[in-house]
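Structure assessment
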Amino acid sequence: MEHQVKSRAIWRALTTVNAPLPVHIDTDTLLACLSLSVTDARWRPHVRAFFREVATEVIMDTVVEGAITFDSLSKAISFWNVDGDCENARWIREMAAVPVARTDASDEELH
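Here's what I pulled together on the structure shown here. Computed from a prediction, not measured in an experiment: that's the story for all the values here.

Rules of the game
- Residues numbered from 1 in each chain as written.
- Predicted model: local features only at pLDDT ≥ 70, side-chain atom pairs only at ≥ 80, totals over all residues.
- Heavy atoms only, no water.
- Helix = DSSP H or I, 4+ residues; strand = E, 2+ residues; numbered from the N terminus.
- Buried < 20%, exposed > 50% of the residue type's maximum accessible area, 1.4 Å probe, protein only.
- Contact = heavy atoms within 4.5 Å.
- Areas by Shrake-Rupley, 256 points an atom, 1.4 Å probe, with all protein chains shown as cover.
- Polar contact = N/O pair within 3.5 Å; in protein donor to acceptor, adjacent residues only side chain to side chain.
- Core = buried A, V, L, I, M, F, W, Y, C linked by side-chain atoms within 4.5 Å.
- Salt bridge = Lys/Arg side-chain N within 4 Å of Asp/Glu carboxyl O.

This part is about the overall build of the protein. Within the protein one finds seven helices and zero strands. Traced from its N-terminal end to its C-terminal end, the protein shows the element sequence α-α-α-α-α-α-α. Counting over 111 residues, the protein shows a buried share of 37%. At a minimum sequence separation of 6, the contacts of the protein that also span at least 24 residues come to 61%. A total accessible area of about 6800 Å² is found for the protein, and carbon and sulfur atoms account for 51% of it.

Glancing now at helix 2 (residues 27–34). Counted residue by residue, helix 2 has seven buried out of eight residues, so it is predominantly covered. Within the span of helix 2, buried status applies to Thr27, Thr29, Leu30, Leu31, Ala32, Cys33 and Leu34. Contacts made by the buried residues of helix 2 are with helix 1 (9–18), helix 3 (44–53), helix 4 (56–64) and helix 5 (70–79). Sitting at the amino-terminal end of helix 2 is Asp26, which places a side-chain oxygen 3.1 Å from the backbone nitrogen of Asp28. Phi turns positive one or two residues past the end of helix 2, at Leu36, with a value near 65°.

The next subject is the nonpolar core. Formed by 30 residues in total, the largest nonpolar core has its most connected members in Leu30, Leu34, Phe50, Phe51, Leu73 and Ile92. Of all the secondary structure elements, the ones that give two or more residues to this core are helix 1, helix 2, helix 3, helix 4, helix 5 and helix 6 (87–96). Not counting the four nearest positions on each side in its chain, Leu73 is found in contact with Leu34, Phe50, Phe51, Ile59, Val63, Ile68 and Ile92.

Before going further, it helps to examine the environment of Phe51. The residue Phe51 is located in helix 3 in this model. The sequence separation of Phe51 and Val82 amounts to 31 residues, and the corresponding C-alpha distance is 7.4 Å. Discounting residues that sit within four places of it in the chain, Phe51 has contacts with Leu34, Leu73, Ala76, Ile77, Val82, Cys86, Asn88 and Ile92.

What follows deals with the pattern of salt bridges. All told, the structure shown has three salt bridges when counted by the stated rule. The shortest N-O distance in the salt bridge between Arg12 and Asp61 comes to 3.0 Å. One end of the pair, Arg12, is in helix 1; the other, Asp61, is in helix 4, and 49 residues separate them in sequence. Residue Arg12 is classed as partly exposed on the basis of its relative accessible area, which comes to 40%. Given a relative accessible area of 29%, Asp61 falls into the partly exposed group. For Asp71, the salt bridge identified is with Lys75, shortest N-O distance 3.1 Å. A residue pair is termed a helical-turn pair when its members lie 3 or 4 positions apart in one helix, as Asp71 and Lys75 do in helix 5 at four residues. Judged by its relative accessible area of 41%, Asp71 falls in the partly exposed class.

Below you can see the structure in the form of structure tokens.
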């Protein structure tokens, strides 16, 4: 099966998410759960593990690579009932509140 995911960071997140769980999620499904295009409750532990256990740097890289947005992640936190006191959840909500300029557009304007 050919994976459509172009993010390297999501692969790093996957090792953390899948490690303690008996059923493993793949990158496409994890990203679909984070963007809420898949909302099957069987993936709830994986999504919660993403927010609770994945390093902030990996989450940031996933956003920078364009695999997901902070706004989508913020919505996923609410949908999947991730503990709001979780450090990553607080950070993601703060980042979602800040507009992020697209570097592609900025680079083109400079040339």
